[in-house]
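Residue strings, one per chain:
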Amino acid sequence: MADKKDKTKEPKSGEAKKAAPRVAKADAKSKLTAKETKKDAKTEGSKDASASKNAPVRIPTPRLKQKYLDVAGVMFLVLNVDQTVRLINKKGCEILGSKEEDILGRNWFDHFIPERQREEIREVFRKVVSGESVSVEFYENVVLTKSGAEKLISWHNTVLTDERGAVTGTLSSGEDVT
C-alpha cells in the first residue's frame, strides 16, 4: 500500500497558525469544557459558565442533555429492565409518529414491536439485561409506528448499569433503514 503524504498546509511566514476546532468529549461525570457549553449554560441558568475558559463544568440540567440527544439524526432510546421506555429523543418520536408523552412509560415490546417478532426480541432483551447473554451491540428489527406502519431500524446497543454495576436497562441508537 502506498504511503499517503500529509496534506496539512503549513502557514506562510507571518501567517498565524489556525487552531483546529476542539471537539467536546463527555467524561464519566458528563462534563464539557466551559467554552463549549458557555452559551447553553447561560441559557439554562448555570453559574459554572463564568469559570475559566478551559475549566470543566457540569452539564447544567436534564433539559440541556435532552437538547443534545434531540439534535441527533438517529433515534435514541433508553429501556428500563422492566421493558418500559425511560427516554426517547425527538428523532425517535418522529420515526414512531408519536409524541414523547405517548411513548414514555409504555412497554416497548407490547406497543412498538410487531406481534410476530415480539417474543423473540423480548427474549433477546431479557437475556441481555439478566446477564445470560453477551450484549447485542448491533441488531436490526422492525418497529411499529402509531399509524401501524413498519419501519426497519438498525440498532447499536449498550447495557446501562448503576454505580454498583447492577443492570438498569439499555441505551440504543437506531437508524431508520427502511
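These figures come from a predicted structure and were not determined experimentally.

Mapped onto the elements of the fold, Asn89 is located in the loop between β4 (85–88) and α3 (90–96). Residue class for Asn89 comes out buried when judged on its relative accessible area of 1%. Polar contacts involving the side chain of Asn89 include one to the main-chain carbonyl oxygen of Val74, which spans 2.9 Å. Once residues lying within four places of it in the same chain are set aside, the contact partners of Asn89 are Gln66, Leu69, Asp70, Ala72, Val74, Met75 and Phe76.

On to the confidence of the model for the protein chain, then. Regions with low pLDDT carry predicted coordinates that are not meant to be interpreted in detail. Per-residue confidence for the protein chain gives a mean pLDDT of 76; residues scoring 70 or more make up 66%. Residue range residues 2–51 is modelled with pLDDT below 50. Its contacts to residues more than four positions away, or to other chains, number 52 contacts.

Attention now goes to the sheet that holds strand β3 (residues 75–80). Taken in spatial order, the five strands of this open sheet run β4-β3-β7-β6-β5, and their pairing is antiparallel. Where the open sheet ends on each side, the last strands, each with one partner, are β4 and β5 (138–144). Within the sheet, the average angular offset between the axes of one strand and its neighbour, ignoring direction, is 30°. Here β3 pairs with strand β7 (residues 167–176) via six bridges, running antiparallel. Note on β7: the bridge partner recorded for Asn80 is Gly169. Sheet strands touched by helix α6 (residues 115–130): β3, β5, β6 (150–161) and β7. Its angle to β5, the strand with the most contacts, is close to 140°.

It is worth spelling out the packing of aromatic side chains at this point. Tallied over the entire structure, the rule returns three aromatic pairs. Measuring from centroid to centroid gives 5.3 Å for Phe109 and Phe125, while their planes differ by 55°, and the two rings are tilted. With a gap of 16 residues between them, Phe109 in helix α5 (residues 108–112) and Phe125 in helix α6 connect regions that are remote in the sequence. Residue class for Phe125 comes out buried when judged on its relative accessible area of 7%.

Pairing of β3 with β4 involves three bridges; the strand directions are antiparallel. What sits directly across from Leu79, in β4, is Val85. Following β3, the chain reverses through four residues before pairing antiparallel with β4; Gln83 in that reversal takes a positive phi of roughly 75°.

How each quantity is defined
Residue positions are given per chain, counting from 1 as you read along its sequence in written order. It should be noted that, the model being predicted, local features are given only for residues of pLDDT at least 70 and side-chain atom pairs only at 80 or more, the latter also being counted only at that level, while totals for whole chains, interfaces and linings use all residues. Excluded from the side-chain calculation are hydrogens and water; included are all heavy atoms of the structure. Note on conventions: DSSP H or I runs of at least 4 residues are helices, E runs of at least 2 residues are strands, and numbering of each starts at the N terminus. Summary of the burial criterion: residues with accessible area below 20% of their type's maximum are buried, those above 50% are exposed, and those between are partly exposed, where the area comes from a 1.4 Å probe applied to protein chains only. Here a polar contact means two N or O atoms within 3.5 Å. Within protein one must be a hydrogen donor candidate and the other an acceptor candidate, and residues neighboring in sequence count only if both atoms are side-chain atoms. Working rule for contacts: check all heavy atoms of both residues, and any pair within 4.5 Å makes them a contact. pLDDT is defined as a per-residue confidence score from the predictor, taking values between 0 and 100. For two strands to be treated as a pair, DSSP must find no fewer than two bridges joining them. The angle between two axes is taken between their N-to-C directions and runs from 0 to 180 degrees, where each axis is a line fitted to C-alpha atoms and a helix contributes only its stretch in contact. Classification of ring pairs uses Phe, Tyr and Trp, with its six-membered ring standing for Trp, and accepts pairs whose centres are within 6.5 Å; under 30 degrees between planes counts as stacked, over 60 as edge-to-face, and the remaining range as tilted.

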